[in-house]
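Residue-level listing of the chains:
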Amino acid sequence: MTTFIKDHIPGIALSALIGVLAHLFAPHVPYINGVILAFLVAVVLGNIWPIKASFKKGVSFASSSLLEYAIIFLAFSISFQSIAILGWQKFVFVVIIVLISLIATLLIAKRFNRKDSSAWLVGFGTAICGSSAIAALAPIISKNKEDAGIAIAVVNLLGSVGMLIMPFTLQAIFYDEGKLGFILGASLQSVGNVAGAGYGLSQEIGDSALTVKLARVALLTPAVIFFSYLINRSENNASNNSISFNLPYYLWLFVLITIINSVITIPENILDFLKDTGKILLTISMAAIGLKVSFKTLWESGRMAIGFGTIIFLIQIAASVGLILIF
């Protein structure tokens, strides 16, 4: 235990300092959340002052094990009540859109020979709920921990652009507030993007968009399992090995907590504390990942990930608009 503390505390403390400060200052920085702020600040610091050997073990721990703990706490943000509120028909539409986005991610990645995990993470984050979705999937499929940070940066960038452009573009085409809300909620990446775009138009559109978005968030648990299986099957088929699939311990806990949170009413103050704990742990983990990313990696991988993410984003918008027009 003494050896662990000596080896890991410096790196964990550095990651925690950056993460907590980013979490506190994020509300004062327009159009950016604590997770992406921590990542970007850490990337800059890590490239200006390369990490010393005494910090590396702690930073590695914070970018991997701490990320798994963050996912467990993030499960308290998810329940299935939003599905009932949305109604079965629109929920089926949401499921179809998510499936189209996930399958398109795998097919396009295969077509362009993109087998690095950043492509999968960008597609998954676009399909479900941005940063939290990427964090939930990353420990299962990431070959490089830096891929999670790059994917989060890309998805937040695309979501911010979409939040600014989509409301006015769609408003020129659709006059029905319910349809506008559905498309925004089914297409934009994060809850913040959806709220910003929807409530920027009207209260009714914002309420509709947020309801649809929460249904997508509720799909995080089955989507992680489904998408992980597809990736696992694809990789095993490529290497002619038998297909095996095992969920890591933290994902079993994630599923269990989601179910409990859906059937048992947890006191609001306790629930808020657990949610905030998850957000802070995630922010610290992203700071640790950022400390390990070089500008060269961010530039090279980020450019490709933006192109890939844009394609998936456009497919998701087209699916949302198509279902609304058909039905």
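**Student:** Looking at this structure, how should I read the packing of aromatic side chains?
**Tutor:** The description of an aromatic ring pair uses the distance of the two centres, along with the angle that the planes make with each other. Across all of its chains, the model carries 3 aromatic pairs by this definition. A ring pair is formed by tyrosine 249 and tyrosine 250, whose centres lie 5.9 Å apart and whose planes are at 85°; its orientation type is edge-to-face. Residue class for tyrosine 250 comes out buried when judged on its relative accessible area of 1%.

**Student:** Help me out: how do you make sense of a nonpolar patch on the surface in this one?
**Tutor:** On the surface, Tyr69, Phe80, Tyr249, Leu253, Leu256, Ile259, Ile260, Val263 and Ile264 cluster together into a nonpolar patch covering about 800 Å² of accessible area. Sorting elements by how many residues they give to the nonpolar patch places helix α13 (residues 249-263) first, with 6 residues. If you trace the backbone, leucine 253 turns up in helix α13. Judged by relative accessible area, which is 35%, leucine 253 ranks as partly exposed.

**Student:** Hey, could you run me through the nonpolar core in this one?
**Tutor:** Nonpolar side chains tend toward joint burial in soluble globular proteins. Phe124, Ile128, Leu184, Leu220 and Met286 are the most contacted members of the largest nonpolar core, which has 105 residues in total. Counting residues per element, this core draws most heavily on helix α8 (residues 146-171), at 11 residues. Every residue in contact with methionine 286, bar those within four places of it in the chain, is listed here: Val35, Phe39, Leu67, Ala148, Gly149 and Ile152.

**Student:** It is not clear to me how helix α10 (residues 191-199) should be interpreted in this structure. Could you clarify?
**Tutor:** At 3.6 residues per turn, the α-helix brings residues three or four places apart onto the same side. Regarding α10, the residues found buried are Asn193, Val194, Ala197 and Gly198. End-on view of α10: buried residues confined to an arc of 115°, all on one side of the axis. Where the residues of α10 are buried, they touch α8, α9 (177-187) and α11 (203-218).

**Student:** For this particular structure, what's the right way to read the environment of isoleucine 260?
**Tutor:** Take isoleucine 260: it is sitting in helix α13. For isoleucine 260, a relative accessible area of 35% corresponds to the partly exposed category. Taking C-alpha positions, isoleucine 260 is 16 Å from aspartate 272, a pair spaced 12 residues apart along the chain.

**Student:** Quick question: what am I supposed to make of the packing of helix α5 (residues 88-111) against helix α15 (residues 295-326) here?
**Tutor:** Describing two packed helices takes the angle between their axes plus the distance from one axis to the other. The contact between α5 and α15 brings their axes to 9 Å, and the two run at 150°. One element, α5, and the other, α15, form an angle in the roughly antiparallel class. Along this stretch, α5 crosses α15, giving a crossing that reads as right-handed. Taken together, the residues of α15 that come into contact with α5 (itself represented by Phe93, Ile96, Ile97, Ile100, Ser101, Ala104, Thr105, Ile108 and Ala109) are Phe308, Ile311, Ile312, Ile315, Gln316, Ala319, Ser320 and Leu323. Of the residues in the contact of α5 with α15, the class split is 13 nonpolar, 4 polar and no charged.

**Student:** Please clarify how the packing of helix α6 (residues 117-127) against helix α7 (residues 131-141) should be interpreted in this entry.
**Tutor:** Put simply, α6 and α7 touch, their axes get as near as 9 Å, and they point 150° apart. The orientation of α6 with respect to α7, classified from their angle, is roughly antiparallel. Note that α6 runs across α7; the crossing there is right-handed. When α6 is examined against α7, the residues Ser117, Trp120, Leu121, Phe124 and Gly125 are found in contact with a partner set consisting of Ala133, Ile134, Leu137, Ala138 and Ile141. For the contact of α6 with α7, a count of residues per class yields 8 nonpolar, 2 polar and no charged.

**Student:** Honestly, the environment of arginine 233 in this entry has me stumped. Any pointers?
**Tutor:** Relative to the helices and strands, arginine 233 is located in helix α12 (residues 220-238). Sequence separation between arginine 233 and isoleucine 100 is 133 residues, and the spatial gap between their C-alpha atoms is 18 Å.

**Student:** Before we go on, may I ask you to explain the environment of aspartate 272 in this structure?
**Tutor:** The residue aspartate 272 is located in helix α14 (residues 268-291) in this model. Between the C-alpha atoms of aspartate 272 and glycine 206, which are 66 residues apart in sequence, the distance is 23 Å.

**Student:** Quick question: what am I supposed to make of the side chain of serine 101 here?
**Tutor:** As for its placement among the helices and strands, serine 101 is situated in helix α5. Judged by its relative accessible area of 0%, serine 101 falls in the buried class.

**Student:** What's the story with the confidence of the model for the protein in this structure? I'm lost.
**Tutor:** Caution applies to low-pLDDT parts of the model: their predicted coordinates are not meant to be read in detail. Across the protein, the average pLDDT comes to 85, with 93% of residues at or above 70. Within the protein, helix α4 (residues 81-86) has the poorest average pLDDT of any element, 76, and α9 the best, 93. Confidence drops under a pLDDT of 50 for residues 240-244, and excluding neighbours within four residues, the segment shows 9 contacts in the predicted structure.

**Student:** Would you explain a negative patch on the surface in this entry?
**Tutor:** Together, Asp176, Glu177, Glu204 and Asp207 line one region of the surface with negative charge. Tracing the sequence through the fold places glutamate 177 in helix α9.

Parameters and conventions
Numbering of residues starts from 1 in every chain and runs along the sequence as written. Per-residue local features of the predicted model are confined to residues with pLDDT of at least 70, and side-chain atom pairs are confined, for both listing and counting, to 80 or more; whole-chain, interface and lining totals are unaffected and use all residues. As a rule here, side-chain values cover all heavy atoms of the structure and leave hydrogens and water aside. Each Phe, Tyr or Trp ring, with Trp reduced to its six-membered ring, pairs with another whose centre is within 6.5 Å; inter-plane angles below 30 degrees give stacked pairs, above 60 give edge-to-face pairs, and intermediate values give tilted ones. Only protein chains enter the accessibility calculation, which uses a 1.4 Å probe. A residue is then buried if its area is under 20% of the maximum for its type, exposed if over 50%, and partly exposed in between. Patch membership requires over 30% relative accessible area and the absence of a salt bridge. Like charges are linked within 9 Å, and nonpolar side chains (Val, Leu, Ile, Met, Phe, Trp, Tyr) within 5 Å. What sets the accessible areas is the Shrake-Rupley method with a 1.4 Å probe; for residues, cover comes only from the shown protein chains. Whenever Lys or Arg places a side-chain nitrogen within 4 Å of a carboxyl oxygen from Asp or Glu, that contact is recorded as a salt bridge. Runs of H or I in DSSP of at least four residues are treated as helices and runs of E of at least two as strands, each being numbered from the N terminus. For this analysis, a nonpolar core means a set of buried residues of the types Ala, Val, Leu, Ile, Met, Phe, Trp, Tyr and Cys, connected via side-chain atoms within 4.5 Å. Throughout, a residue-residue contact means that at least one pair of heavy atoms, one from each residue, lies within 4.5 Å. Taking the helix axis as origin, the arc is that swept by the directions to the C-beta atoms. Inter-axis angles, ranging from 0 to 180 degrees, are taken between N-to-C directions of lines fitted to C-alpha atoms, where helices are fitted over the stretch in contact. Geometric relationships in this document are graded by angle, where less than 35 degrees denotes roughly parallel, more than 145 denotes roughly antiparallel, 65 to 115 denotes roughly perpendicular, and other angles denote oblique. For any helix crossing, the convention is left-handed if the near helix is rotated counterclockwise from the far helix by under a right angle, and right-handed if that rotation is clockwise. Residue polarity is assigned by list, with Asp, Glu, Lys and Arg as charged and Ala, Val, Leu, Ile, Met, Phe, Trp, Tyr, Cys and Pro as nonpolar; anything else, Gly included, falls into the polar class. Each residue gets a pLDDT score, which is the predictor's confidence in that residue and runs from 0 to 100. Charge assignment in this entry is limited to Lys and Arg as positive and Asp and Glu as negative, and neither His nor the chain termini are counted. Every charge is mapped to an atom, namely NZ of Lys, CZ of Arg, CG of Asp or CD of Glu.

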